[in-house]
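Structural description and commentary
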Amino acid sequence: MHILMIEDDLALGRALQKALKTEGFSSQWLRQATDAPASLGRTFADCVLLDLSLPDGTGFDLLRRWRAAGDTVPIIIITARSAVDERLAGLDGGADDFLVKPFVTAELISRIRAVVRRSARQASEVWTFGPLRIEPRRLEARLDDRLLELSLREFRLLMELAREPGAVHSKEDLAHRLEPLGDPVDFGTLEIHVFNLRRKLGAHWVRTVRGVGYMLSP
Amino acid sequence: MMEALRPTLVRRVLVALMLAFALVWGVLMLVQQRDDLERIQRDRKTFAGALAAVLDKAGTESEAMGAVALAERMANDMRRQQGIPGNVLLQLQDIGTNRALRAGVSTSSADEVVSLQAGRWAVRIMVPPFDEPRWARMAAVDMLRYLSIAFPLVLLPMWLAVSRGLQPLKQLSALIASRSPHDLSPLKFNAMHAELAPLTSALNQLLEQLHARMEREHAFVHDAAHELRTPIAAIAAQAHVLGMAADPQDRREAQAHLEQAVTRTSHLIQQLLALARVDAGALTQVAEVNLPRLIRQELVQASGAAMRRSMEISLEAPDQLLAWVDPMAFQSALRNLLDNAVHHGRDGGRVCVRLEQQGNIVSLHVLDDGPGIPASERSRVFERFHRGAAHDRPGSGLGLAIVRQAARRMAGDVILGTGLDGRGCGFSITWPVGGGQENFPFPR
């Protein structure tokens, strides 16, 4: 796997590059935002490590520019600033994950792998979780090869939960995603959809975290 | 020029005094007019009465005519002397023969008429109407004379009093200006005038607060640097061990320990920054927030660690609860409580978060069913850098100090009670939510 790293600090950059090499990644290390390519498509990078606290303060602009250009390469932001709004702004701006310095290198490596895995899964035609197969483009889901009869909303719900299996999705997030273009559904309606999905899929597939949200547990 | 036109207290007093005099002038004029009109009526009555008495004794026409002519001349002479224009006209009639002995045509149709009768004679006295503008002019000028004598006599003492009164204020300014910028000790100023006492005491209170805050900040920096020594010493030691490790197994172990030490230090740094942020000092940034939504976001974040320990988290809250809060303070408090509950709870245990509102008091509860905190430590648990006696999971000792400071920042407080099923810990933060941003109480 090939990593593009934008990091200005010499010591940190050097250490990370060595660590990546040990783990079997190849990497390209740039020290300034101005050296970064306008589009990620040509760099053949599987993942980008972007330090937001670059001295010329252009980390965010880079992130925005790439996403605006339609690049879907997974990006992990690393930053020394831990303010909550920074984190949210980074994720809202299109980053896939967020790490605060100092971090343990092993953590970074596992996050890189997770983010690449997730991106690969989402880009693929079929998402597989054991006996469950979801084909996002054909709006079809199968359990043990049997086609599931799901309404459009139920399918969307399943897809959102499947984006990050084993992680909790809050009620608000799901409510928004079930109606991406309109007003979010109310929580009562969401519960009904979850109930129906459980009925069709099997109760153990969708776990409720009471008051918080739901989770796909394959 | 603008400097000269800025309002000054002294000029204000001057203007107020002039307005007061103008008001007095107006009122006195009205009073004077009423008095004068009364006097005029009285004088007329007297005049008519005297003429009637004389006519009573008049037997013949010529006596009566003589008396009336004389009275008319006297009345008009007096008018001339007082400078009143216009003439009084007297008409005489014999009632017996009904003959007008003295007619006369007045020049004005607005004349007032006074009629009297004495014996066989009837007299009509025609008086020109009261010339109000002329009277007003004359009365005004008269009054002005008196008032302009009074004005400087009143102004002078007032001016002196006000000027002298402002002296202490000038002295206070000079006193403050002469202090060194590092001097935050209370002002020693004896405010003689009652009005200046609140100013000096407010200033002294402000100085005291500044002084306290600076001391707190110094103490914080000192404590923080001190607290960082130990974890960094651990890192140094582990790095040394790593360097000496002979076989791969030893190396892996030493590396793991080293990374743990780094994580601990990193966590401590996070906490120090969070504590600095919620420490009283920086201005509170208030926003209207949907609290359950914020809580859900935090719970989603915490769910990773919770699931790794097979813990079950839940939230009891209305779907929506809008409140004006400091979002950063709220988030810091909740995050620390959740971290504590997940770290110190038992494997497979429960963590329950509750949010409720009664009137304008909102309360947030985080309860767990873990081992809890022994009674002997409960009172000290919110102190900075206080770590529990039995801690197998090392912490910074700052989490609960951050929670308390954040709660206070929201003008509320945090208390420790029982957790779930009568065991574990139950932390409750309560704080008032104002009716709007303008009602937001100042944090302590």
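Scroll up to find the structure.
Residues numbered from 1 in each chain as written. Chains lettered and ligands numbered in written order. Predicted model: local features only at pLDDT ≥ 70, side-chain atom pairs only at ≥ 80, totals over all residues. Heavy atoms only, no water.

Considerations on the overall build of chain A
Note the cut-off: Runs of E in the DSSP output that reach at least two residues are strands. Runs of H or I that reach at least four are helices, and both are numbered from the N terminus. Whether a residue is buried, partly exposed or exposed follows from its accessible area with a 1.4 Å probe, protein chains only, as a fraction of its type maximum: under 20%, in between, or over 50%, in that order. The contact definition used throughout considers only heavy atoms, calling two residues in contact when any of these lie within 4.5 Å. All accessibility values rest on the Shrake-Rupley procedure with a 1.4 Å probe; residue burial counts only the protein chains present in the view.
Helix and strand counts for chain A come out as seven helices and 12 strands. Within chain A, the fraction of its 218 residues that count as buried is 44%. Considering only intrachain contacts with a sequence separation of at least 6, the fraction spanning at least 24 residues in chain A is 56%. Summed over its atoms, the accessible surface of chain A is roughly 10800 Å², and 51% of this surface lies on carbon and sulfur atoms.

With respect to the overall build of chain B
Regarding its fold elements, chain B presents 10 helices and 11 strands. Considering only contacts in chain B between residues 6 or more positions apart, those separated by 24 or more positions represent 67%. Per element, the accessible surface of chain B, about 26500 Å² overall, is 59% carbon and sulfur.

With respect to the packing of aromatic side chains
Residues and elements named next belong to chain B. Let me state the cut-off plainly: Centre distance within 6.5 Å is the pairing criterion for rings of Phe, Tyr and Trp, where only the six-membered ring of Trp is used; planes under 30 degrees apart are then read as stacked, over 60 as edge-to-face, and the remainder as tilted. Two thresholds decide whether a charge sits over a ring: the Lys NZ or Arg CZ must be within 6 Å of the ring centre and within 35 degrees of the ring normal.
For the structure shown, the criterion picks out four aromatic pairs over all chains. Ring geometry for Phe382 against Phe427: centres 6.0 Å apart, planes inclined by 85 degrees, an arrangement best described as edge-to-face. Within this pair, whereas Phe382 is found in the loop between α9 (375-378) and α10 (399-409), its partner Phe427 is found in strand β11 (residues 425-432), the two being separated by 45 residues in sequence. For Phe382, a relative accessible area of 9% corresponds to the buried category. The cationic tip of Arg145 hangs over the ring face of Tyr146; the distance from NZ or CZ to the ring centre is 5.6 Å.

Some thoughts on the side chain of B:Gln33
Residue and element names in this part refer to chain B. With respect to the helices, strands and loops of the structure, Gln33 is situated in helix α2 (residues 9-57). The buried category is assigned to Gln33, whose relative accessible area is 17%. Dropping the residues within four chain positions of it, Gln33 is found in contact with Phe130, Glu132 and Trp135.

What to know about the interface of chain A and chain B
This is how the line gets drawn: Put simply, buried area is the surface a 1.4 Å probe can reach on two separate parts but cannot reach once they are joined, added for both. Each reported salt bridge corresponds to a side-chain nitrogen of Lys or Arg within 4 Å of a carboxyl oxygen of Asp or Glu. A 3.5 Å cut-off defines polar contacts: any pair of N or O atoms within that distance qualifies, except that in protein one atom must be a possible hydrogen donor and the other a possible acceptor, and neighbouring residues in sequence count only when both atoms are side-chain atoms.
Contacts between chain A and chain B engage 19 residues on the former and 21 residues on the latter. Roughly 1900 Å² is buried in total at the junction of chain A and chain B, and carbon and sulfur atoms are behind 55% of that figure. Scanning the region where chain A abuts chain B turns up two salt bridges. In this structure, the salt-bridge partner of A:Glu172 is B:Arg296, at a minimum N-O distance of 2.8 Å. Along the contact surface separating chain A from chain B lie four residue pairs in polar contact (both at pLDDT 80 or more). Where the side of chain A that touches chain B is concerned, the elements lending two or more residues are α3 (84-92), β10 (168-170), α6 (171-178) and β11 (206-209) of chain A.

Re the packing of α6(A) against helix α7 (residues 187-201) of chain A
All names here are of chain A. The criterion, for reference: Axis angles are defined between N-to-C directions and span 0 to 180 degrees, where every axis is a line fitted to C-alpha atoms and, for a helix, only to the segment in contact. What sets the label is the angle itself: under 35 degrees gives roughly parallel, over 145 gives roughly antiparallel, 65 to 115 gives roughly perpendicular, and the rest give oblique. Residue polarity follows a fixed list, in which Ala, Val, Leu, Ile, Met, Phe, Trp, Tyr, Cys and Pro are nonpolar, Asp, Glu, Lys and Arg are charged, and the others, Gly among them, are polar.
Look at α6 against α7: their axes get within 10 Å of each other, and the N-to-C directions meet at 85 degrees. Judged by the inter-axis angle, α6 sits roughly perpendicular to α7. Residue-level inspection shows Lys171, Glu172, Leu174, Ala175 and Leu178 of α6 in contact with α7, the latter providing Phe187, Leu190 and His193. Taken together, the residues of the contact of α6 with α7 break down into five nonpolar, one polar and two charged.

Focus: the pattern of salt bridges
Under the definition given, this model contains 32 salt bridges over all chains. Across the salt bridge formed by A:Asp51 and A:Lys101, the nearest N and O atoms sit 2.8 Å from each other. Here the residue A:Asp51 occupies a position in strand β3 (residues 47-51), and A:Lys101 occupies one in the loop between β5 (97-100) and α4 (105-123), the gap between them amounting to 50 residues. The exposure class of A:Lys101 is partly exposed, given its relative accessible area of 23%. For the salt bridge of B:Arg99 with B:Glu61, the shortest nitrogen-to-oxygen distance reads 2.9 Å.

Some details on the nonpolar core
Which entries qualify depends on this criterion: To qualify as a nonpolar core, a set must consist of buried Ala, Val, Leu, Ile, Met, Phe, Trp, Tyr and Cys residues joined through side-chain atoms within 4.5 Å.
Formed by 56 residues in total, the largest nonpolar core has its most connected members in B:Leu291, B:Ile295, B:Phe330, B:Leu364, B:Phe427, B:Ile429 and B:Trp431. Beyond its immediate chain neighbours, meaning those up to four positions away, B:Trp431 contacts B:Leu291, B:Val325, B:Phe330, B:Asn360, B:Ile361, B:Val362, B:Ser363, B:Leu364, B:Met410 and B:Gly412. Of all hydrophobic cores here, the second largest spans 27 residues; its members include A:Leu157, A:Leu158, A:Met159 and A:Trp205.

A look at a nonpolar patch on the surface
Residues and elements named next belong to chain B. Inclusion rule: Residues with no salt bridge and a relative accessible area higher than 30% make up the patches, which join like charges within 9 Å and nonpolar side chains (Val, Leu, Ile, Met, Phe, Trp, Tyr) within 5 Å.
A contiguous nonpolar patch, built from Leu23, Val27 and Val31 and spanning about 260 Å² of accessible area, is present on the exposed surface. Following the sequence through the fold, Val31 ends up in helix α2. Relative accessible area serves as the criterion here: at 36%, Val31 is assigned to the partly exposed category.

What to know about the pairing of strand β2 (residues 26-30) of chain A
Residue and element names in this part refer to chain A. For clarity, the threshold we go by: By the convention used here, strands pair only if DSSP detects at least 2 bridges between them. Handedness rule for crossovers: strands pointing away from the viewer, path from the first strand over the helix to the second running clockwise, crossover right-handed.
Sheet topology note: the strand β1 (residues 2-6)/β2 ladder contains five bridges and is parallel. Across the sheet, Ile3 pairs through a bridge with Ser27, a residue of β2. Viewed along the sheet, the connection from β1 through helix α1 (residues 10-22) into β2 turns out right-handed.

A few points about the sheet that holds β1(A)
Residues and elements named next belong to chain A. With respect to topology, five strands assemble into an open sheet ordered β2-β1-β3-β4-β5, the strand pairing being parallel. Strands at the two margins of the open sheet, each flanked by one partner only, are β2 and β5. Within the sheet, the average angular offset between the axes of one strand and its neighbour, ignoring direction, is 20 degrees. In this structure, strand β4 (residues 75-79) lies alongside β5, joined through four bridges in parallel fashion. Residue pairing for β5: Ile77 is matched across the bridge by Phe98.

What about the sheet that holds strand β4 (residues 121-127) of chain B?
Residues and elements named next belong to chain B. Taken in spatial order, the four strands of this open sheet run β2-β1-β4-β3, and their pairing is antiparallel. Edge positions in the sheet fall to β2 (99-102) and β3 (112-118), since each has one partner strand and no second. When the angles between neighbouring strand axes are averaged without regard to direction, this sheet yields 25 degrees. Strand direction decides the pairing type here: strand β1 (residues 89-94) and β2, joined by three bridges, are antiparallel. Along β2, the bridge assignment pairs Asp94 with Arg99. On the sheet, α2 packs against β1, β3 and β4 and is oriented at approximately 30 degrees with respect to β3. Against the sheet, helix α3 (residues 61-82) touches β1, β2 and β4, its axis set at about 165 degrees to β1.

Overview of unusual backbone geometry
Following A:Lys101, the chain continues into A:Pro102 via a peptide bond in cis, with omega recorded as -5 degrees. Along the chain, the position of A:Pro102 falls in the loop between β5 and α4. Residue A:Asp144 is not a glycine yet carries a positive backbone phi of 50 degrees. For A:Asp144, the location among the structural elements is in the loop between β8 (140-143) and β9 (146-147). For A:Asp144, a relative accessible area of 59% translates into the label exposed. Of note, B:Asn98 is a non-glycine position whose phi angle comes to about 60 degrees, a positive value.

Some thoughts on the packing of α1(A) against α4(A)
Residue and element names in this part refer to chain A. The test is simple: Crossing handedness: left-handed means the near helix sits turned counterclockwise from the far one by under a right angle, and right-handed means the same turn made clockwise.
Where α1 contacts α4, the two axes come as close as 11 Å, and the packing angle between them is 60 degrees. In terms of orientation, α1 lies oblique with respect to α4. Crossing geometry of α1 relative to α4 is assigned as right-handed. Contact residues: Leu16, Ala19 and Leu20 in α1; Thr105, Leu108, Ile109 and Ile112 in α4.

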